[in-house]
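# Residue-level structural notes
Listed here are the chains, written in short residue letters.
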Amino acid sequence: MARPKDHLPMPPAQVKTLVATFTDFRKALDPGDPWANSRLAIVIKAADAAGWSRRATASALGISRERLQRIAKFPPAAKHRMPAHELGAAFPAASVAAFRKHEDEISLRRKRAEAAVVAAIRSAHHTAGWPYNVLGALVGTSGERLRQLAETDLDTGGEPAPSFEPFTRLLKETSAQPRSARALDLAETEKLRLLADRARKATKTVGKRLGHNPSPEKIRALEAALEYRLASEELSALLIGLKAENVSWPDLDTACGYKPGGARARAIRHGYAQTPPSMSPYTPTLLPGWPEPAQISQLTDSASV
């Protein structure tokens, strides 16, 4: 099922113009573009017919033999007359000049294609307000690639840019009134403060050393550290539970004495939402008689601190 769009679509004619402009640009940069290679093959195929070796032709034209071999696979776009090869003769200067002329044509085509696509992207983004990621989806590339093109220092003042309809985002329909934030009461605030104080003493290595099913010996050896670790887990469960009751993150940060975003980061690491790649997931400590983290939030009203 297709994901509904949050904006009005670009008119088909404008999409066609944008796609054609980007396609021309991509072809102009493609080393295997038939148009460009057929132009270069004119001199190379004429040299073959005149009896010049591929090695001599590549050396005279200033290209590698590998590149010459690739170009020679394309049919020439036109004919070029060359004198027959004679032992000791120099490669015809007129043929070298003809090859350079075709290279200039290809270079000019690339510059024009780049100017056209940059002008189009700037018109669509800067003038009409279309986001780069939306434009990228239309032409089959990433929004970052289009941003890089648009932000080059290329002067497109003399390039006619197509016009685009302004980007219009659709307003989301809301079927229910948003819930108002719930304030913490004094008991909850005090409990958060006490747990946060104890949780600050929890070490980051205890979890990996204990694992999921620690032995009694390990538990006794790490009893003090374990107490703070379990307080840390209880705090996280309490934060998640209070957030589910629509308590704001700023209020939770204040109650715990955290900097802005601290309570949310702790909750995410402890299972509130999907853990981002930059953050390692938390390994809970499972002990006989101790409730699992998902159950702790259900016991916060009666649990002592």
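Residues numbered from 1 in each chain as written. Predicted model: local features only at pLDDT ≥ 70, side-chain atom pairs only at ≥ 80, totals over all residues. Heavy atoms only, no water.

## Looking at the overall build of the protein chain
The criterion, for reference: Here a helix means four or more residues in a row that DSSP labels H or I, a strand means two or more in a row labelled E, and each is numbered from the N terminus. The buried label applies to any residue whose accessible area, calculated with a 1.4 Å probe on protein chains only, is under 20% of its type's maximum; exposed applies above 50%, and partly exposed to all values in between. Per-residue and other accessible areas follow the Shrake-Rupley method at a 1.4 Å probe size, with only the shown protein chains counted as cover for residues.
Regarding its fold elements, the protein chain presents 14 helices and zero strands. In sequence order, the secondary structure elements of the protein chain are arranged as α-α-α-α-α-α-α-α-α-α-α-α-α-α. Taken across its 305 residues, the protein chain has 35% of its residues classed as buried. Entry remark: accessible area of the protein chain is about 18,900 Å², with carbon and sulfur atoms responsible for 55%.

## A word on the side chain of serine 123
Cut-off, in case you're wondering: Any pair of N or O atoms that falls within 3.5 Å is considered a polar contact. Within protein, one atom must be able to donate a hydrogen and the other to accept it, and sequence-neighbouring residues count only if both atoms are side-chain atoms. Contacts are assigned to residue pairs that have any heavy atoms within 4.5 Å of one another.
On the secondary structure map, serine 123 appears in helix α5 (residues 93-127). Residue class for serine 123 comes out buried when judged on its relative accessible area of 10%. A polar contact of 2.6 Å, which involves the side chain of serine 123, links it to the backbone oxygen of proline 162. Not counting chain neighbours up to four residues away, the residues in contact with serine 123 comprise Ala128, Ala161, Pro162, Ser163 and Phe164.

## Observations concerning helix α6 (residues 132-139)
Along α6, the positions that sit buried rather than exposed are Tyr132, Val134, Leu135, Gly136 and Val139. The elements touched by buried residues of α6 are α1 (12-29), α5 and α7 (143-150).

## Remarks on a positive patch on the surface
The test is simple: To count toward a patch, a residue needs a relative accessible area above 30% and no salt bridge. Like charges then connect within 9 Å, nonpolar side chains (Val, Leu, Ile, Met, Phe, Trp, Tyr) within 5 Å. Basic side-chain nitrogens of Lys or Arg form a salt bridge, by our definition, when they fall within 4 Å of a carboxyl oxygen of Asp or Glu. Charge counting treats Lys and Arg as positive and Asp and Glu as negative, with His and both chain ends excluded. Note on charges: their place is set at NZ of Lys, CZ of Arg, CG of Asp or CD of Glu.
Together, Arg67, Arg70, Lys73 and Arg110 line one region of the surface with positive charge. Within the secondary structure, lysine 73 is located in the loop between α4 (65-71) and α5. Look at lysine 73 and you get exposed, because its relative accessible area is 70%.

## Some details on the nonpolar core
Basically, it comes down to this: Each nonpolar core is a collection of buried residues, namely Ala, Val, Leu, Ile, Met, Phe, Trp, Tyr and Cys, held together in the definition by side-chain atoms within 4.5 Å.
Counting residues in hydrophobic clusters, the biggest one holds 22 residues, and the most contacted among them are Phe22, Ile121, Trp130, Leu135, Leu146, Leu149 and Phe164. Elements represented by at least two residues in this core include exactly α1, α5, α6 and α7. No other element matches α5, which puts six residues into this core. Ignoring sequence-local partners within four residues, the contact set of phenylalanine 164 consists of Met10, Gln14, Leu18, Ala120, Ser123, Ala124, Ala128 and Trp130. By size, the runner-up hydrophobic cluster in this structure holds 20 residues, among which are Val43, Ile44, Ile63 and Ile71.

## Some remarks on unusual backbone geometry
Despite not being glycine, asparagine 246 has its phi angle at roughly 75 degrees, a positive value. Tracing the backbone shows asparagine 246 in the loop between α11 (223-244) and α12 (249-256). The exposure class of asparagine 246 is buried, given its relative accessible area of 17%.

## Examining the confidence of the model for the protein chain
Stated precisely, the cut-off is as follows: Residue-level confidence of the predictor is what pLDDT reports, using numbers from 0 through 100.
Model confidence for the protein chain is summarised by a mean pLDDT of 83, while 77% of its residues fall at 70 or above. Across residues 290-305, confidence stays below pLDDT 50; counting only partners more than four residues off in sequence or on other chains, it has 23 contacts.

## A word on the pattern of salt bridges
As enumerated under the stated definition, the model contains 12 salt bridges in all. Between glutamate 144 and arginine 147 there is a salt bridge, with the nearest N and O atoms lying 2.5 Å from each other. Taken together, the residues span about one helical turn, with glutamate 144 and arginine 147 both in helix α7 at a distance of three residues. A relative accessible area of 39% places glutamate 144 in the partly exposed class. Its relative accessible area of 28% is what places arginine 147 among the partly exposed residues. The partner of glutamate 188 in a salt bridge is arginine 182, and the shortest N-O contact between them spans 3.2 Å.

## Quick look at the packing of aromatic side chains
The line we're drawing: Only the six-membered ring of Trp is used, alongside the rings of Phe and Tyr, when aromatic pairs are assigned; centres must lie within 6.5 Å, and planes under 30 degrees apart are stacked while those over 60 apart are edge-to-face, with the rest tilted.
Under the counting rule described, the total for this entry stands at three aromatic pairs. Residues tryptophan 130 and phenylalanine 167 carry aromatic rings whose centres are separated by 5.1 Å and whose planes lie at 70 degrees to one another, so their mutual orientation is edge-to-face. With a gap of 37 residues between them, tryptophan 130 in the loop between α5 and α6 and phenylalanine 167 in the loop between α7 and α8 (186-199) connect regions that are remote in the sequence. We note that tryptophan 130, like phenylalanine 167, is buried.

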